[in-house]
Amino acid sequence: MAPPDHHDVRAIARDRAALEAFYREHFDTVLAFVARRVDDPHSAADLTSDVFVAALGSAHTYRGGPGGGRAWLFGVARNVMASDRHRAAREADARRRAAGRRLTDPDDIQRLEERLDAEQQARKAYRAIRTLPDADRAVLELVVVDGLSVSEAARVLDVGTVAARVRLHRARRRLVRRLAAHDGPGNAQDRLHPVTQARTDSTSHAEVH
């Protein structure tokens, strides 16, 4: 069976072949999303799995819209990460000790460690972005760190595209000012450039600015 159409994500809830195709299509994207936010390979493995479990459980609610299944899946991933942060604050390392949740295959762990190394710069940017107000932070991390278009980020956050664009512009100015206060103007631009360049090449100039 062909991979599920972007407008038929609901198929994964009732069709095993559709679920497998969906998983294969989006696994690397979800893993990268998680790897930009955590630095432990076991946690990355658990959270990536959790995203797909959550997607399966909520697939029946999918109604299409801008960005299709990809934007919807990013929304699911954000919810999973937020829930994990809240749970971790209460339960510390209990989640990673749960039986049957930890990957033990050395090849799997090596792959996760390589992904974490590749996303090291993005994690630094993400940590800086997390100092911003919530509304600005959310759109900036989705566009700059995760590489979504502004319209896709708007879909994930359930706001209008114009509002998302305004938040993005405001967030970038705030972030540059904060980094400049810490590192100096030149160093702030140097720290932002590698990530912003890599994450916005696929978005239109009109959308980003």
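Residues numbered from 1 in each chain as written. Predicted model: local features only at pLDDT ≥ 70, side-chain atom pairs only at ≥ 80, totals over all residues. Heavy atoms only, no water.

Considering the nonpolar core
Reasoning step 1: With 49 residues, the main nonpolar core has Val34, Trp72, Leu140 and Leu142 as its most contacted residues.
Reasoning step 2: Put simply, the parts of the chain that give this core at least two residues each are α1 (16-35), α2 (41-58), α3 (68-91), α5 (106-118), α6 (120-129), α7 (134-145), α8 (150-157) and α9 (161-183).
Reasoning step 3: Not counting residues up to four positions away in its chain, the partners in contact with leucine 142 are Phe33, Phe74, Arg78, Gly147, Leu148, Ala153, Val156 and Leu157. (Core = buried A, V, L, I, M, F, W, Y, C linked by side-chain atoms within 4.5 Å. Buried < 20%, exposed > 50% of the residue type's maximum accessible area, 1.4 Å probe, protein only. Helix = DSSP H or I, 4+ residues; strand = E, 2+ residues; numbered from the N terminus. Contact = heavy atoms within 4.5 Å.)

What about the packing of aromatic side chains?
Reasoning step 1: Overall, the coordinates contain five aromatic pairs when judged by the stated rule.
Reasoning step 2: With a centroid separation of 5.3 Å and 70° between ring planes, the pair formed by phenylalanine 33 and phenylalanine 74 is classed as edge-to-face. Taken together, the residues phenylalanine 33 in helix α1 and phenylalanine 74 in helix α3 connect sequence positions 41 residues apart. In this pair, the class of phenylalanine 33 matches that of phenylalanine 74, namely buried.
Reasoning step 3: Among the aromatic residues, ring-to-ring pairing joins Phe22, Tyr23, Phe27 and Phe52 into one connected group.
Reasoning step 4: Positioned over the ring face of phenylalanine 33 is arginine 37, at 3.8 Å from the centre of the ring. (Phe/Tyr/Trp six-rings, centres within 6.5 Å; stacked < 30°, edge-to-face > 60°. Lys NZ or Arg CZ within 6 Å of the ring centre and 35° of its normal.)

As for the packing of α7 against α8
Reasoning step 1: The interhelical angle for the contact between α7 and α8, taken along N-to-C directions, is 135°, at an axis separation of 9 Å. The angle between the axes of α7 and α8 places the two elements in the oblique class. In terms of crossing hand, the pair formed by α7 and α8 is right-handed. On α8, the residues touching Ala138, Val139, Leu142 and Val143 of α7 are Val150, Ala153, Val156 and Leu157.
Reasoning step 2: Residues belonging to the contact of α7 with α8 are distributed by class as follows: eight nonpolar, no polar and no charged. (Axes fitted to C-alpha atoms, helices over the stretch in contact; angles between N-to-C directions. Parallel < 35°, antiparallel > 145°, perpendicular 65-115°, else oblique. Left-handed = near helix turned anticlockwise from the far one by under 90°. Nonpolar A, V, L, I, M, F, W, Y, C, P; charged D, E, K, R; others polar.)

Here we look at the side chain of histidine 26
Reasoning step 1: Along the chain, the position of histidine 26 falls in helix α1.
Reasoning step 2: Here histidine 26 is in contact with Phe52 and Leu73, once residues within four sequence places are set aside.

Structural notes on the confidence of the model for the protein chain
Reasoning step 1: Averaged over all residues, the pLDDT of the protein chain equals 76, while 73% of them reach at least 70.
Reasoning step 2: The secondary structure element of the protein chain with the lowest average pLDDT is helix α11 (residues 205-208), at 38, and the one with the highest is α8, at 92.
Reasoning step 3: When the criterion is pLDDT under 50, residues 1-7 qualifies, and its contacts beyond four places in sequence or with other chains add up to 14 contacts. (pLDDT = per-residue confidence, 0-100.)

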